[in-house]
8 protein chains.
Amino acid sequence: MPKVALIMGSQSDLPTLQPAIKRLRSFEVEVEVRIMSAHRTPDLAANFSKSARENGFDLLIAAAGKAAHLPGVLAAFTTLPVIGVPVKSSFLDGMDSLLSIVQMPPGIPVATVGIDAADNAAILAVQMLALKYPELEPKLKAFKAEMEAKVLETDQNLQKGANC
Amino acid sequence: MPKVALIMGSQSDLPTLQPAIKRLRSFEVEVEVRIMSAHRTPDLAANFSKSARENGFDLLIAAAGKAAHLPGVLAAFTTLPVIGVPVKSSFLDGMDSLLSIVQMPPGIPVATVGIDAADNAAILAVQMLALKYPELEPKLKAFKAEMEAKVLETDQNLQKGANC
Amino acid sequence: MPKVALIMGSQSDLPTLQPAIKRLRSFEVEVEVRIMSAHRTPDLAANFSKSARENGFDLLIAAAGKAAHLPGVLAAFTTLPVIGVPVKSSFLDGMDSLLSIVQMPPGIPVATVGIDAADNAAILAVQMLALKYPELEPKLKAFKAEMEAKVLETDQNLQKGANC
Amino acid sequence: MPKVALIMGSQSDLPTLQPAIKRLRSFEVEVEVRIMSAHRTPDLAANFSKSARENGFDLLIAAAGKAAHLPGVLAAFTTLPVIGVPVKSSFLDGMDSLLSIVQMPPGIPVATVGIDAADNAAILAVQMLALKYPELEPKLKAFKAEMEAKVLETDQNLQKGANC
Amino acid sequence: MPKVALIMGSQSDLPTLQPAIKRLRSFEVEVEVRIMSAHRTPDLAANFSKSARENGFDLLIAAAGKAAHLPGVLAAFTTLPVIGVPVKSSFLDGMDSLLSIVQMPPGIPVATVGIDAADNAAILAVQMLALKYPELEPKLKAFKAEMEAKVLETDQNLQKGANC
Amino acid sequence: MPKVALIMGSQSDLPTLQPAIKRLRSFEVEVEVRIMSAHRTPDLAANFSKSARENGFDLLIAAAGKAAHLPGVLAAFTTLPVIGVPVKSSFLDGMDSLLSIVQMPPGIPVATVGIDAADNAAILAVQMLALKYPELEPKLKAFKAEMEAKVLETDQNLQKGANC
Amino acid sequence: MPKVALIMGSQSDLPTLQPAIKRLRSFEVEVEVRIMSAHRTPDLAANFSKSARENGFDLLIAAAGKAAHLPGVLAAFTTLPVIGVPVKSSFLDGMDSLLSIVQMPPGIPVATVGIDAADNAAILAVQMLALKYPELEPKLKAFKAEMEAKVLETDQNLQKGANC
Amino acid sequence: MPKVALIMGSQSDLPTLQPAIKRLRSFEVEVEVRIMSAHRTPDLAANFSKSARENGFDLLIAAAGKAAHLPGVLAAFTTLPVIGVPVKSSFLDGMDSLLSIVQMPPGIPVATVGIDAADNAAILAVQMLALKYPELEPKLKAFKAEMEAKVLETDQNLQKGANC
């Protein structure tokens, strides 16, 4: 069974990440939700990342705000893919988080999604996992078809004058 | 054998992408380099993406500048992971490219790397591919060890007064 | 009768677009309001745009937020003018939407208006339509005169001490 | 014959605008190239715009840098469509020009294209003109097809190993 | 008696400008408050500015938001000093207004104050007027002393433990 | 005779300020050019500003880059108008200088001009001085007329095909 | 006993600074809280800074918003370390404050912390003070251990399903 | 003897840091120059920081570009003060580096100086060290006096017409 760690820098990020937890579980991906800080628990973060592969994780998702070092720090200690979610902090609309996560130096990439886009991080994780777990692929197709159907339905309702 | 498509919006992006081509080949990943425009050849882009999985591609890397729609447009037509490389255009230092790629709407993520960070896109691709092709994992470890060794060496040379 | 399509990426954009619908109808322009997503319903968007001219549309107005690809994607498939409305998303005050719409690559322009400026998009549409439908021109003149009169009236009221 | 005014705030903008002049002429659109300043020749700008319609102009293209008021000032005096080209000035990469042009107040839109995107302004102008001059439409189609063919050709050359 | 015009682009700017009106009157400066739009009443704005000197105005203060052309447009038609107040609009925190006002082209300066800083515009106006009306100078000195005294008082109260 | 102090934070700003010196002298304004630093010679700056009025200065122009405190610091010690010129530093295109100068707190305005816009600072200074020295007013009118004539001439030359 | 001055530009900054006062006192650092304005009480600020060392202060913490000159102005008059806290003002999310504080010219540094990060300013102050007062060092270690323990506890609670 | 570590993320940062090395040595501060990467040699960085105090370092200076995690990562493992120098990278003028360094989370401050301001980092370091090593204080005073004298000299030379 595919297994993912979803790591946040602070418990205050949990509401932002709930959609990712729900999405991953809807794809029957096991998700371990953790709170670790690159700066307040640096040893925990380092050790978790170093042993993530042998502990059966397929990839890591990390969310952080402001000087959002967590995804990059985790990426330093593993060869697993790391997905980074920039969290909107109280200032600068998350631009600081975005740049701190996406502008990684040569050799240590972080797969960055949009600001607060935890749901997209989960979907990207499933797309990666589908490389290894082919049973996820038809689920992704179905998910995509469902999204399309929903937009088509709102469009048709609008056409019928239901919403206008 | 792992197979990746590396797609650029314009031939002028080729020099920026050369490190990615080289890096992927160094990991013995087959790479098909293509030029497609989300706006000038939209049908080609749509068709390529739609059939990418059945044509044996494991994932797509797309690079574009300015209103950099290419990675997102490709992601719309496939469930394969899409890695986006924001290319620095002549204005705004690539901030327009970055935001156009990373701020994708719910449901259609693009795994975004730093501005002009084509090499990191390739490494991220290999990390994803290692989920499916376990033989890549020791190569990634070796690559990481080599990077570390190089930094340690420059540090030691500096210590020896060789560079200061 | 002049005919315009007003397309939004998500139903949540409808309140932002209502002033445009109202304005277009006040000029007796037929307006078809649609919901289409460049990423969730890419085929619908492509097909709609490809057949827009033969379906009697004179131009398209498209509104989108974040990585706002919709106007550019529609512009890729038609030679009709496309007006883009950057919608303010929850982050970055719409700067991401603006750059994703206005910074189009060579060959495929989008006529961009201000952030959330749906009303201005409608007025711009009428100005374009007046090239083909000369009966719109006196209406535009009257609209301009009315705007001027309103400002003059508030100025005179202010002078009379009514508002100060 | 379709007729367009291409107005710049300063002669130093001429090199940036040359592609627009060439493009408009390639579509057999008559183009009158003028230098007018919203601030140094405000009366000329006002009078030109006021009489533009009766002087046979179908639309105006205006380019300006820094506090780029020219397109908006012209739009104040006419009901013709005004296309604005933000010119990159020596600071801020043209962001000041872009915001000064695109963020017009309610009632007076300017159809804004990308920074220094004079060629796109010309193509947008032809798209608008095609509403009135249907003979332009097949030319636009041909232009679009030619662009597509060029990208396809560079893609095929790249495939053949010619450029890689 | 010193006389100043305080001009806003829209009545919605009036609350932002009230501190300026109050400040100017506290210095016994006559102030004419007007609503004029650079885009909706361009002729009124031009004529007002052209005749401002002969109508006894010593200088103009103009406030506007978004693509804030009003101060620059007024400055085009007069040799009187023009003070510009960038008004925070609903997007971009007034950065668009600031750049549209301060980045004027060579030859036509606008004396720009901070975003929404109407009170500072009034004080700057009094400083300029004091060049011509020396009786304002001691009032400015007194105002400055009063400001200093107020800060000293809050500091002393804080020291006394009154506020901590 | 009108007298102005032109103060820069560092000798490296002198080339940026030469146009202001030349412009002021062309209006027969006496200009004292000084180098003072708000941070390296704070006492000199404070004393200069405190005694500026009694030393016969009508106003101050101050130019500085980066955390450009000089204009604000001078304004703290005088009731004379202070014009601030944000100097483009090696980073951030002068945005840091602009914000450090224009965003002054309530009570202490600085009349800010555009980035590196020393010439405009000089013209603004002359406009202020004309309040006290009416003989400057016809010179300003002539200057404005000359600017207009130059633009008209370049426009006419362009019309004649001389430059196109 | 270690002694620090905590200086704010305006009483409205006090709530932002309360965490710093509390933190410093928890480390048994004497803190003198003052209100001084670089612009409204420039002499007070200069004199306070000039005599800070002889008055027994070990370092200064200064907080200010907008064109936040206070930390830099204090740094001009002392060789004590000055820590600057950029306060978020009503516009631009504190970016103006940050740049006005951090971008100091050569020779006069300000140790800048994050926007509104008064608590971090206090911790940084204690770290500096520990150079002179070694008894602070074990307290800092304990503080760091306590932070780590808290994150570990929230992580463990989350693991136990208490929060998820 | 005071002892400082000056750590850079990459050897390419060495030229930017040379002024800091020179400045520290001019104050007779022992400086150990090291190359360590938060991402490529994370264990080295962690171990160095953990043992910095016992190895006799008084404080750390760390410089990094892009997603500049190095200063924050070092600060995570020590209670010594850490000074961060944002290095201008090839994009975004160092804004990414600045935000990644200054916007640290609660509890782990980094004393941030301006972009590429290595010399200021050294001076700040000496100011901190002077808390512990009082013999540095007269040197700082002399340095400050020398800076002042230099500005006064350039000012006087300018007055003499030597440079104008």
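So, how was this worked out
Residues numbered from 1 in each chain as written. Chains lettered and ligands numbered in written order. Predicted model: local features only at pLDDT ≥ 70, side-chain atom pairs only at ≥ 80, totals over all residues. Heavy atoms only, no water. Helix = DSSP H or I, 4+ residues; strand = E, 2+ residues; numbered from the N terminus. Buried < 20%, exposed > 50% of the residue type's maximum accessible area, 1.4 Å probe, protein only. Contact = heavy atoms within 4.5 Å. Areas by Shrake-Rupley, 256 points an atom, 1.4 Å probe, with all protein chains shown as cover. Buried area = accessible area lost by both parts, 1.4 Å probe. Salt bridge = Lys/Arg side-chain N within 4 Å of Asp/Glu carboxyl O. Polar contact = N/O pair within 3.5 Å; in protein donor to acceptor, adjacent residues only side chain to side chain. Nonpolar A, V, L, I, M, F, W, Y, C, P; charged D, E, K, R; others polar. Least-squares fit on C-alpha atoms with pLDDT ≥ 70 in both. Domains from an automatic or database assignment. Phe/Tyr/Trp six-rings, centres within 6.5 Å; stacked < 30°, edge-to-face > 60°. Lys NZ or Arg CZ within 6 Å of the ring centre and 35° of its normal. Axes fitted to C-alpha atoms, helices over the stretch in contact; angles between N-to-C directions. Parallel < 35°, antiparallel > 145°, perpendicular 65-115°, else oblique. Arc of directions from axis to C-beta. Left-handed = near helix turned anticlockwise from the far one by under 90°. Pairing = 2+ DSSP bridges.

Visitor: Please explain the overall build of chain A as it appears in this structure.
Guide: When you go through chain A residue by residue, the secondary structure sums to six helices and five strands. Reported as C-alpha extents along the three principal axes, the dimensions of chain A are approximately 60 × 40 × 30 Å. Considering chain A as a whole, with its 164 residues, one finds that 68% of them fall into the buried category. For chain A, long-range pairs separated by at least 24 residues make up 65% of all intrachain contacts whose partners lie at least 6 apart in sequence. Element-wise, carbon and sulfur atoms account for 51% of the exposed surface of chain A, whose accessible area totals about 5,000 Å².

Visitor: Help me out: how do you make sense of the arrangement of the chains in this one?
Guide: Between chain A and chain E there is no contact; the minimum C-alpha to C-alpha separation amounts to 11 Å. If you take every C-alpha in chain D and every C-alpha in chain H, the smallest gap between them is 11 Å, and the two do not touch.

Visitor: How should the interface of chain H and chain A be read in this particular structure?
Guide: The extent of an interface is frequently quoted as the accessible surface area lost upon association of the parts. In this assembly, 24 residues from chain H lie in contact with 24 residues from chain A. The largest contributions to the chain H side of the interface with chain A come from His39(H), His69(H) and Gln103(H), which together make up 27% of the buried area. Taken together, the links from chain H to chain A amount to two salt bridges. Ionic pairing is found between Lys50(A) and Asp43(H), a salt bridge with its closest N-O pair at 2.8 Å. Seen at the junction of chain H and chain A, the total is nine residue pairs in polar contact (both at pLDDT 80 or more). Of the residues in the side of chain H that touches chain A, the class split is 14 nonpolar, five polar and five charged.

Visitor: What am I meant to see in the relation of the copies chain H and chain A here?
Guide: Both copies of the chain are related by one operation, a rotation about an axis with a shift along it. For the pair chain H and chain A, the best superposition has an RMSD of 0.0 Å and corresponds to a rotation of 180 degrees with a translation of 0.0 Å parallel to the axis. Seen this way, the second copy is the image of the first under a two-fold rotation axis. Using C-alpha coordinates, one finds that chain H approaches the rotation axis most closely at Ser100(H), a distance of 2.5 Å.

Visitor: It is not clear to me how helix 4 (residues 95–102) of chain H should be interpreted in this structure. Could you clarify?
Guide: Every α-helix carries 3.6 residues per turn, so stepping three or four residues along brings you back to the same face. Counting buried residues along helix 4 of chain H, eight of its eight residues qualify, which places the element largely inside the surrounding structure. Listed as buried for helix 4 of chain H are Met95(H), Asp96(H), Ser97(H), Leu98(H), Leu99(H), Ser100(H), Ile101(H) and Val102(H).

Visitor: Honestly, the domain arrangement of chain A in this entry has me stumped. Any pointers?
Guide: All names here are of chain A. What the domain assignment reports for chain A is domain 1 (3–133) and domain 2 (136–164). The straight-line distance from the C-alpha centre of domain 1 to that of domain 2 is 29 Å. Contacts between the two partners involve 10 residues from domain 1 and, on the opposite side, five residues from domain 2. The contact between domain 1 and domain 2 buries some 710 Å² in all, and 76% of this surface belongs to carbon and sulfur atoms. Our count for the contact surface shared by domain 1 and domain 2 stands at one salt bridge. Between Glu28 and Lys139 there is a salt bridge whose closest N-O contact spans 3.1 Å.

Visitor: Explanation requested: the side chain of Arg34(B) in the structure shown.
Guide: Among the secondary structure elements, Arg34(B) is positioned in strand 2 (residues 30–35). At 2.7 Å, the side chain of Arg34(B) forms a polar contact with the side chain of Asp155(D). A distance of 3.5 Å separates the side chain of Arg34(B) from the side chain of Gln159(D), its partner in a polar contact. Each residue touching Arg34(B), except ones within four places of it in the same chain, is listed here: Leu6(B), Ile7(B), Met8(B), Leu44(B), Phe48(B), Asp155(D), Leu158(D) and Gln159(D).

Visitor: Can you help me understand the interface of chain B and chain A in this one?
Guide: Counting residues at the interface gives 40 residues for chain B, matched by 40 residues for chain A. A combined buried area of about 3,300 Å² lies between chain B and chain A, and 64% of that area is made up of carbon and sulfur atoms. When the area that chain B buries against chain A is broken down by residue, the three leading residues are Thr79(B), Pro109(B) and Leu131(B), summing to 21%. In this assembly, chain B and chain A are joined by two salt bridges. Taking the shortest distance from any N to any O, the salt bridge between Glu137(B) and Arg53(A) comes out at 3.1 Å. At the boundary of chain B and chain A, one finds 19 residue pairs in polar contact (both at pLDDT 80 or more).

Visitor: Sorry if this is basic, but what is going on with the packing of aromatic side chains here?
Guide: Two descriptors summarise a pair of aromatic rings, namely the distance from one centre to the other and the angle between the planes of the rings. All told, the structure shown has 16 aromatic pairs over all chains when counted by the stated rule. Each ring, one from Phe27(E) and one from Phe143(E), has its centre 5.9 Å from the other, and the planes form 70 degrees; the classification is edge-to-face. You can see Phe27(E) sitting in the loop between helix 1 (14–26) and strand 2 (30–35) and its partner Phe143(E) sitting in helix 6 (residues 136–159), a full 116 residues away along the chain. Like Phe143(E), Phe27(E) is buried. A cation over a ring is seen here: Lys3(B) above Phe57(B), with NZ or CZ 4.4 Å from the ring centre.

Visitor: In this structure, what is going on with the relation of the copies chain B and chain A? I would like to understand it.
Guide: With an RMSD of 0.0 Å, chain B superimposes on chain A once it is rotated by 180 degrees and translated 0.0 Å along the axis. Interface overlap between copies is the fraction of interface residues in one copy that are interface residues in the other; for chain B against chain A it reaches 100%, indicating a shared surface.

Visitor: How do you make sense of the packing of helix 4 (residues 95–102) of chain C against helix 4 (residues 95–102) of chain D when you look at a structure like this?
Guide: How two helices pack is summed up by the angle between their axes together with the distance between the axes. One can describe the packing of helix 4 of chain C onto helix 4 of chain D by two numbers: an axis separation of 13 Å at closest approach and a directional angle of 95 degrees. By the angle between their axes, helix 4 of chain C is roughly perpendicular relative to helix 4 of chain D. When helix 4 of chain C is examined against helix 4 of chain D, the residues Met95(C), Leu98(C), Leu99(C) and Val102(C) are found in contact with a partner set consisting of Met95(D), Leu98(D), Leu99(D) and Val102(D). Residues belonging to the contact of helix 4 of chain C with helix 4 of chain D are distributed by class as follows: eight nonpolar, no polar and no charged.

Visitor: I tried to follow the pattern of salt bridges on my own but got confused; where do I start?
Guide: Close approach of charged atoms allows side chains of opposite charge to pair. Evaluation of the coordinates by the stated rule reveals 72 salt bridges over all chains. Ionic contacts of the salt-bridge type, sharing partners, join the residues Glu32(A), Arg34(A) and Asp155(G) into one network.

Visitor: Where do I start with helix 2 (residues 42–50) of chain A in this structure?
Guide: Every buried residue of helix 2 of chain A is accounted for by Pro42(A), Ala45(A), Ala46(A), Phe48(A) and Ser49(A). The buried residues of helix 2 of chain A all sit within an arc of 165 degrees when viewed along its axis, so they share a single face. Its buried side turned inward, helix 2 of chain A meets strand 1 (3–8), strand 2 (30–35), strand 3 (59–65) and helix 3 (70–76) of chain A together with helix 3 (70–76) of chain H.

Visitor: Any chance you could explain the packing of helix 1 (residues 14–26) of chain H against helix 5 (residues 118–132) of chain H here in plain terms?
Guide: Residues and elements named next belong to chain H. Relative orientation of the contacting elements helix 1 and helix 5 amounts to 30 degrees, with a least axis distance of 7 Å. On the basis of their axis angle, the class for helix 1 and helix 5 is roughly parallel. Helix 5 is crossed by helix 1, and the crossing has right-handed handedness. Residues Thr16, Leu17, Pro19, Ala20, Arg23 and Leu24 of helix 1 touch helix 5, and the partners they reach there are Ala118, Asp119, Ala122, Ile123, Ala125 and Val126. In terms of residue class, the contact of helix 1 with helix 5 is built from nine nonpolar, one polar and two charged.

Visitor: Could you clarify how one ought to interpret the pairing of strand 3 (residues 59–65) of chain G in this entry?
Guide: Within a regular strand, side chains alternate between the sheet's two faces. Residue and element names in this part refer to chain G. With six of seven residues buried, strand 3 lies mostly within the body of the structure. Note: strand 1 (residues 3–8) against strand 3, five bridges, orientation parallel. If you follow Val4 over to strand 3, its bridge partner there is Leu59. For strand 3 and strand 4 (residues 82–87), the ladder comprises six bridges, and the chain directions are parallel. Along strand 4, the bridge assignment pairs Ala63 with Val85.

Visitor: Mind showing me how you'd approach the environment of Asp93(E) here?
Guide: Summarising the element assignment, Asp93(E) is placed in the loop between strand 4 (82–87) and helix 4 (95–102). Along the backbone, Asp93(E) and Ile115(E) are 22 residues apart, and their C-alpha atoms lie at a distance of 8.5 Å. Dropping the residues within four chain positions of it, Asp93(E) is found in contact with Asp93(C), Lys88(E), Ile115(E), Ser90(G), Phe91(G), Leu92(G) and Asp93(G). Here Lys88(E) takes part through its side chain, which lies 3.3 Å from a polar atom of the side chain of Asp93(E).

Visitor: Please explain the environment of Glu54(H) as it appears in this structure.
Guide: Note that Glu54(H) resides in the loop between helix 2 (42–50) and strand 3 (59–65). The exposure class of Glu54(H) is exposed, given its relative accessible area of 67%.

Visitor: Can you walk me through unusual backbone geometry in this structure?
Guide: Working note: non-glycine residues mostly have negative phi, and peptide bonds are mostly trans. One non-glycine residue, Asp116(E), adopts positive backbone phi at about 60 degrees. Backbone geometry at Lys66(G) places phi at a positive 50 degrees, although glycine is not the residue there. Residue placement: Lys66(G) occurs in the loop between strand 3 and helix 3 (70–76). The partly exposed category is assigned to Lys66(G), whose relative accessible area is 22%.

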